[in-house]
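Working through the structure, step by step
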Amino acid sequence: MADDLFKALADPTRRTILDELTEKSGQTLFEICSRLSMKHQLGISRQAVSQHLALLEAAGLVETRREGRYKFHDLNTAPLRRIAERWPMPDPSEPEKRTP
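Being a predicted model, the structure only gives us computed values, none of them experimental. (Residues numbered from 1 in each chain as written. Predicted model: local features only at pLDDT ≥ 70, side-chain atom pairs only at ≥ 80, totals over all residues. Heavy atoms only, no water.)

**Structural notes on the overall build of the chain**
When helices and strands are tallied, the chain shows five helices and two strands. For the chain, whose C-alpha radius of gyration is 17 Å, the value lies well above the compact-globule estimate of 13 Å for 100 residues. Taken across its 100 residues, the chain has 32% of its residues classed as buried. Considering only intrachain contacts with a sequence separation of at least 6, the fraction spanning at least 24 residues in the chain is 51%. (Helix = DSSP H or I, 4+ residues; strand = E, 2+ residues; numbered from the N terminus. Rg over C-alpha atoms; globule rule 2.2 N^0.38 Å. Buried < 20%, exposed > 50% of the residue type's maximum accessible area, 1.4 Å probe, protein only. Contact = heavy atoms within 4.5 Å.)

**Looking at the pattern of salt bridges**
Counting across every chain of the model gives seven salt bridges. A salt bridge links Glu-31 to Lys-24; its shortest N-O distance comes to 3.1 Å. With a closest N to O distance of 3.0 Å, Arg-65 and Asp-74 form a salt bridge. The structure contains a network of salt bridges with shared partners spanning Glu-20, Glu-23, Arg-35 and Lys-39. (Salt bridge = Lys/Arg side-chain N within 4 Å of Asp/Glu carboxyl O.)

**Concerning the nonpolar core**
Counting 16 residues, the largest nonpolar core has Ile-17, Ile-32, Val-49, Leu-53, Leu-56 and Leu-61 as the members making the most contacts within it. Of all the secondary-structure elements, those providing two or more residues to this core are helix 1 (2–10), helix 2 (12–23), helix 3 (29–40) and helix 4 (46–58). A per-element tally of this core places helix 3 first, with four residues. Once residues within four sequence positions are removed from consideration, Ile-32 is found in contact with Ile-17, Leu-21, Gln-27, Val-49, Leu-53 and His-73. (Core = buried A, V, L, I, M, F, W, Y, C linked by side-chain atoms within 4.5 Å.)

**Some details on unusual backbone geometry**
Backbone geometry places Gln-41, a non-glycine residue, at a positive phi of 55 degrees. Take Gln-41: it is sitting in the loop between helix 3 and helix 4.

**A short note on helix 2**
An ideal rise of 1.5 Å per residue puts 16 Å on twelve residues; helix 2 measures up with 17 Å between its terminal C-alpha atoms. Within the sequence span of helix 2, burial applies to Thr-13, Arg-14, Thr-16, Ile-17, Leu-18, Glu-20 and Leu-21. Those residues of helix 2 that are buried are in contact with helix 1, helix 3, helix 4, strand 1 (62–67) and strand 2 (70–75). Between the side-chain oxygen of the N-cap and the backbone nitrogen of Thr-13 there are 2.9 Å, and the N-cap of helix 2 in question is Asp-11. (Expected span 1.5 Å × (residues − 1). Polar contact = N/O pair within 3.5 Å; in protein donor to acceptor, adjacent residues only side chain to side chain.)

**Description of the packing of helix 3 against helix 4**
Packing of helix 3 against helix 4 brings their axes to within 10 Å, and their N-to-C directions diverge by 110 degrees. It follows that helix 3 is roughly perpendicular to helix 4 by the angle criterion. Seen from above, helix 3 lies across helix 4 with right-handed handedness. Together, Leu-29, Phe-30, Ile-32, Cys-33 and Leu-36 of helix 3 and Arg-46, Val-49, Ser-50 and Leu-53 of helix 4 make up the contact between the two elements. (Axes fitted to C-alpha atoms, helices over the stretch in contact; angles between N-to-C directions. Parallel < 35°, antiparallel > 145°, perpendicular 65-115°, else oblique. Left-handed = near helix turned anticlockwise from the far one by under 90°.)

Structural data, given as structure tokens:
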């Protein structure tokens, strides 16, 4: 699971898609493509965006739901929380534990 997550986050276009879903959740493929084109000047095909979304969905970062003939994409931050929980930051108020 973590490998898929890091692979998904490694690509700047996929991170931009996640940024867009953070700003406005529940977007269709058409909306995402439009925002990438207009806001970020990314000349990327619908097929390429669809493939990026599939990889993000496989990593658990995007969830989809269908309503009629429309497919909506939502950001899921749970996988990111699991990574943060895996490597917690030490509490600065506690004395540092030293191992012999």
